[in-house]
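Letter by letter, the chains look like this.
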Amino acid sequence: MDKLVIEGGKPLYGEVSISGAKNAALPLLAATMLCPGQHILRNVPDLRDTRTIIKLLESFGSECRRIARGVWQIELTDITNFEAAYDLVKTMRASVLVLGPLLARFGVARVSLPGGCAIGARPIDFHLQALQKMGAELILREGYVEAKCHGRLSGADICFDIPSVTGTENILMAAALARGVTVIKNAAREPEIGNLIDMLRAMGADIKGRGTDILSVNGVAELQPADTKIIPDRIETGTYLIAVGAAGGEIIIKDCNPAHLPALLEKMRAAGLVIEEGKNTLKVCGSRPLNSIDIKTMPYPGFPTDLQAQVMALMTLTDGLSVINETIFENRFMHVAELRRMGANIKVDGRSAIVKGCGGLTGARVMATDLRASASLVVAGLAARGVTEISRIYHLERGYDNLAGKLTALGAVIRQVKE
Ligand code: EPU
């Protein structure tokens, strides 16, 4: 297993280019199963999670070919297997995104139920209830959900208790080929959903309400393959922005979409970062002193839970008090104990963390527990005095394309070494 060794205290300068969004690439790759013919997906990030879903598609019989850097040609003509096995699903919960497409096109699917994970229980009951309303018969057996439907799924009125990102995506894909109209109320509005809707529309789907929390899908009998570009990763963008806030310096973030980060940009300006927005670029200057800010994670366009841990690392560097409220996942404070090992003063009370700025962190040996928690340790390590060693970095490889390489190019002293 590899670890990252960071010599902290070096400001970041230069340019960094943002990769395609992991959380858009996963549903778009799953959507290629909805019809025969060759799909082209561009700007696909090279991540452990995208490799996992490609392996899953191949297990169903999809032919997946990388025809250029970041460009994949994918085609599912004859399905050879209807089962998403536990071994793949346990390494990536988003594997559940194949359920909607399999049911919609083939009328049958067997998908391992994802278990709990490091950030919370994360059930998939919304996905299952919605598919049942659309006429799917579901049985939970031996840790798998076995689903089938006779003929096409039927359009239905669906209202999510909470806007679920992958829930909305799964039902959009299922509804695209259903008979009649499906209305999804309290739908998630994340930009990744807009990207999926654009792909489905290019395939011939009839979807109204893009960007709103009410989506209406008039199902069609068949779809055609499409050529689609994955949007820039807003969480990777936010992580570099916060990193320069922590380490100091001045960087230009290229190939990003600042319009997808409204809440972060407002909060980071309030924290004292100087940010200039271009259409596809951000110029960020990490000046001192840092102001403490409060954040509350919310569905888009609110503050993203996937940037909560990184902002918490930044807030340890102020001289004030910051309250961080996590409303999306019940257990997303695993980074707190590791940040404390670096000198942070953080108290957790239920879903709130109170960060008392300690003015600076010191390097330590810490352990990554999930993807974004790991990113917060990198942010902390860049700012800390001395050397930080982060073990179990396979979490980072799930969602950050060439993190160590990109940070090195910005002047960070960071090495990936074998443990
Ligand atoms: N929920 C349910 N039942 C469901 C579905 C969701 O109770 O059937 C609850 C969840 O437990 C959670 C809330 O609803 O409390 C929202 O969860 P959501 O379904 O939106 O999360 P997700 O679709 O599983 C995606 C991202 C996550 C990101 C969340 C929130 C992908 C592949 N994953 O997860 O990304 O944190 O939305 O924005 O899109 C990450 O990239 O590190 C990551 C965890």
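A. The pattern of salt bridges, seen in detail. According to the stated counting rule, one finds 23 salt bridges in the structure shown. Here E142 makes a salt bridge to R110, at a shortest N to O gap of 3.3 Å. Placement of E142 in the loop between β8 (137–141) and β9 (144–148) and of R110 in strand β7 (residues 108–112) is noted, with a sequence separation of 32 residues between them. On the basis of relative accessibility, which here comes to 66%, the residue E142 falls in the exposed class. On the basis of relative accessible area, R110 is assigned to the buried category, the value being 19%. E146 is the partner of R110 in a salt bridge, and the nearest nitrogen-oxygen pair spans 2.9 Å. Placement of the pair is R110 in strand β7 and E146 in strand β9, with a sequence separation of 36 residues. When salt bridges with common partners are traced through the structure, they connect E83, R110, R141, E142 and E146 into a single cluster.

B. Spatial organisation of the pairing of strand β23 (residues 387–391). By the bridge criterion, four bridges tie strand β1 (residues 2–7) to β23 in an arrangement that is antiparallel. Bridged to I6 within β23 is T388. For strand β22 (residues 365–367) and β23, the ladder comprises three bridges, and the chain directions are parallel. Within β23, the position partnered with R365 by the bridge is E389.

C. Quick peek at the domain arrangement of the protein chain. Under the domain assignment, the protein chain is made up of domain 1 (2–18 + 232–418) and domain 2 (22–229). The C-alpha-based centres of domain 1 and domain 2 are spaced at 30 Å. Each partner contributes to the interface: domain 1 provides 22 residues, whereas domain 2 provides 18 residues. Between domain 1 and domain 2, a total of about 1,700 Å² is buried, with carbon and sulfur atoms accounting for 50% of that surface. A salt bridge links R234 to E192; the nearest nitrogen and oxygen atoms lie 2.8 Å apart. At the junction of domain 1 and domain 2, the tally comes to five residue pairs in polar contact (both at pLDDT 80 or more). In terms of residue count, the dominant contributor to the side of domain 1 that touches domain 2 is helix α13 (residues 394–399) (four residues). Here the side of domain 1 that touches domain 2 is built from residues that sort into eight nonpolar, four polar and 10 charged.

D. The arrangement of the nonpolar core in detail. Among the nonpolar cores identified, the biggest contains 78 residues, and L34, M134, L153, L172, L200 and L223 are the most heavily contacted of them. For this core, the element with the highest residue contribution is helix α1 (residues 22–31), accounting for seven residues. Leave out the neighbours within four places in its chain, and L172 touches I184, I193, L196, I197, L200, I207, L215 and V217. Membership of the second largest hydrophobic core comes to 69 residues, among which are M342, A344, A368 and L377.

E. Representation of the site of the ligand within the structure. Close to the ligand lie 22 residues, the nearest being D125, S164, T166, D306 and I328. At 3.2 Å from an oxygen atom of the ligand is found a main-chain nitrogen or oxygen belonging to P123. Protein burial of the ligand: of its 830 Å² of free accessible surface, 89% is covered by the chains. Of all elements in the fold, only α1, α5 (125–133), α6 (165–176) and α12 (371–383) reach the threshold of two or more residues within the shell around the ligand. When the residues that make up the shell around the ligand are grouped by side-chain class, the tally is 11 nonpolar, five polar and six charged. Built from parts of two domains, the shell around the ligand gets at least three residues from each of domain 1 (2–18 + 232–418) and domain 2 (22–229).

F. How the structure looks around the pairing of strand β15 (residues 249–254). Along β15, the buried face is formed by G249, I251 and I253; none of E250, I252 and K254, which line the opposite face, is buried. Of the strand pairs in this sheet, strand β2 (residues 12–17) and β15 are connected by six bridges, and their pairing is parallel. By the bridge assignment for β15, E15 is matched with I252. In terms of strand pairing, β15 meets strand β17 (residues 282–286) through five bridges, oriented antiparallel. Across the sheet, the residue bridging to I253 is L282, located in β17.

G. Region of interest: helix α8 (residues 234–247). Here α8 is 14 residues long and its end C-alpha atoms lie 20 Å apart, about the 20 Å a rise of 1.5 Å per residue gives. Sitting at the amino-terminal end of α8 is D233, which places a side-chain oxygen 2.9 Å from the backbone nitrogen of I235. With its phi angle positive at about 85 degrees, G248 sits one or two positions after the end of α8.

H. Geometry of the side chain of T297. Its location among the elements puts T297 in the loop between β18 (295–296) and α10 (308–315). Here E326 takes part through its side chain, which lies 3.2 Å from a polar atom of the side chain of T297. The residues touching T297, leaving out its near neighbours within four places in the chain, are F303, P304, T305, Q308, N325, E326, T327 and I328.

I. Local environment of the packing of α6 against helix α7 (residues 191–202). At a minimum axis distance of 10 Å, the contact between α6 and α7 shows a crossing angle of 10 degrees. Regarding the angle of α6 to α7, the classification is roughly parallel. Contacts between α6 and α7 involve V165, T168, E169, L172 and M173 from the first element and E192, I193, L196, I197 and L200 from the second. By residue class, the composition of the contact of α6 with α7 is seven nonpolar, one polar and two charged.

What counts, and at which threshold
Residues numbered from 1 in each chain as written. Predicted model: local features only at pLDDT ≥ 70, side-chain atom pairs only at ≥ 80, totals over all residues. Heavy atoms only, no water. Salt bridge = Lys/Arg side-chain N within 4 Å of Asp/Glu carboxyl O. Helix = DSSP H or I, 4+ residues; strand = E, 2+ residues; numbered from the N terminus. Buried < 20%, exposed > 50% of the residue type's maximum accessible area, 1.4 Å probe, protein only. Pairing = 2+ DSSP bridges. Domains from an automatic or database assignment. Contact = heavy atoms within 4.5 Å. Buried area = accessible area lost by both parts, 1.4 Å probe. Polar contact = N/O pair within 3.5 Å; in protein donor to acceptor, adjacent residues only side chain to side chain. Nonpolar A, V, L, I, M, F, W, Y, C, P; charged D, E, K, R; others polar. Core = buried A, V, L, I, M, F, W, Y, C linked by side-chain atoms within 4.5 Å. Near = heavy atom within 4 Å. Areas by Shrake-Rupley, 256 points an atom, 1.4 Å probe, with all protein chains shown as cover. Expected span 1.5 Å × (residues − 1). Axes fitted to C-alpha atoms, helices over the stretch in contact; angles between N-to-C directions. Parallel < 35°, antiparallel > 145°, perpendicular 65-115°, else oblique.

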